[in-house]
Amino acid sequence: MNCVTKECWLGNPTQYENLSGREQESFNAAHLMGHMANWGYLEGQKINGDKFGADLLFYRSSDGDVLKVQLKGRVTLCKHYKGKSIHVAFRDKETDDWFVYEHDTVLQQVLDKGHLAGTQSWETTGGWSWSSNPLWLRHLMEPWRISGASQNL
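These figures come from a predicted structure and were not determined experimentally.

Caption draft 1: Spotlight on the side chain of Asp92. Examined against the element boundaries, Asp92 turns out to sit in the loop between β5 (86–91) and β6 (98–102). Here Asp92 sits buried without a salt bridge, and the closest side chain of opposite charge, Arg145, lies 6.5 Å off (N-O distance). Other than its neighbours up to four places away in sequence, Asp92 contacts Asp97, Phe99 and Asn133.

Caption draft 2: Summary view of helix α2 (residues 103–112). Taken residue by residue, α2 has His103, Val106, Leu107 and Val110 as its buried positions. Relative to the axis of α2, the buried residues are bounded by an arc of 105 degrees and lie together on one face. Against β4 (76–78), β5, β6, α3 (120–125) and α4 (135–141) lie the buried residues of α2. One or two steps after α2, the chain reaches Gly114, where phi turns positive at roughly 90 degrees.

Caption draft 3: Here's a closer look at the nonpolar core. Within the largest apolar cluster, 18 residues are counted, with the highest numbers of intra-cluster contacts made by Leu77, Tyr101, Val110 and Met141. When residues of this core are traced back to their parent elements, those giving at least two are β4, β5, β6, α2 and α4. Excluding residues within four positions of it along the chain, Tyr101 makes contact with Val75, Thr76, Leu77, Ile86, His87, Val88, Phe90, Val106, Met141 and Trp144. Grouped together as the second largest cluster of nonpolar side chains are 13 residues, Leu32, Met36, Ala89 and Val100 included.

Caption draft 4: Main features of the pairing of strand β3 (residues 65–71). Where strand β2 (residues 56–60) meets β3, 5 bridges bridge the pair, whose relative direction is antiparallel. Residue pairing in the sheet places Leu56 in a bridge with Val69 of β3. The antiparallel pairing of β2 with β3 creates a hairpin that spans 4 residues between the two strands, and Gly64 there sits at a positive phi of about 75 degrees. Bridging between β3 and β5 involves 4 bridges; their strand directions are parallel. What sits directly across from Lys68, in β5, is Ile86.

Caption draft 5: Looking closely at a nonpolar patch on the surface. There is a patch of nonpolar side chains on the surface, built from Leu57, Tyr59 and Val66 and spanning about 240 Å² of accessible area. Secondary-structure assignment places Val66 in strand β3.

Here is what the cut-offs are and how they apply
- Residues numbered from 1 in each chain as written.
- Predicted model: local features only at pLDDT ≥ 70, side-chain atom pairs only at ≥ 80, totals over all residues.
- Heavy atoms only, no water.
- Helix = DSSP H or I, 4+ residues; strand = E, 2+ residues; numbered from the N terminus.
- Buried < 20%, exposed > 50% of the residue type's maximum accessible area, 1.4 Å probe, protein only.
- Lys, Arg positive; Asp, Glu negative; His and termini not counted.
- Salt bridge = Lys/Arg side-chain N within 4 Å of Asp/Glu carboxyl O.
- Contact = heavy atoms within 4.5 Å.
- Arc of directions from axis to C-beta.
- Core = buried A, V, L, I, M, F, W, Y, C linked by side-chain atoms within 4.5 Å.
- Pairing = 2+ DSSP bridges.
- Patch = residues over 30% accessible without salt bridge, like charges linked within 9 Å, V, L, I, M, F, W, Y side chains within 5 Å.
- Areas by Shrake-Rupley, 256 points an atom, 1.4 Å probe, with all protein chains shown as cover.

Right under this line is the structure:
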């Protein structure tokens, strides 16, 4: 059998939409780990049970950098992440590109643009996410793109 075609000794390719929520998170974590390797983060570790912190830790041996990463399905800002040096990672479902952004930096940029403050979601629950990114947010996220057509994966 040839794994380039649909038939492979490993079985059928994974159908993301058929996975449970936990399985989708594991699937996304595995894909993100592959993309992070392109940037020298060759060590990645899942963290279980961290309620308001990292889902994953990434280590780059060339400079000793460690990233604490919260894995999300879309751009998400949350008061619980503020001041914790958290990066948020998500895969854009339209482009299949990955973004890893420093939460507090993006939060401040969004607040500076006059968004969030005064909304019920932000004031009451302390969080905000966008199911579809408006144009102003897409421009804001562009510097945080880690994958795309120029990448190996």
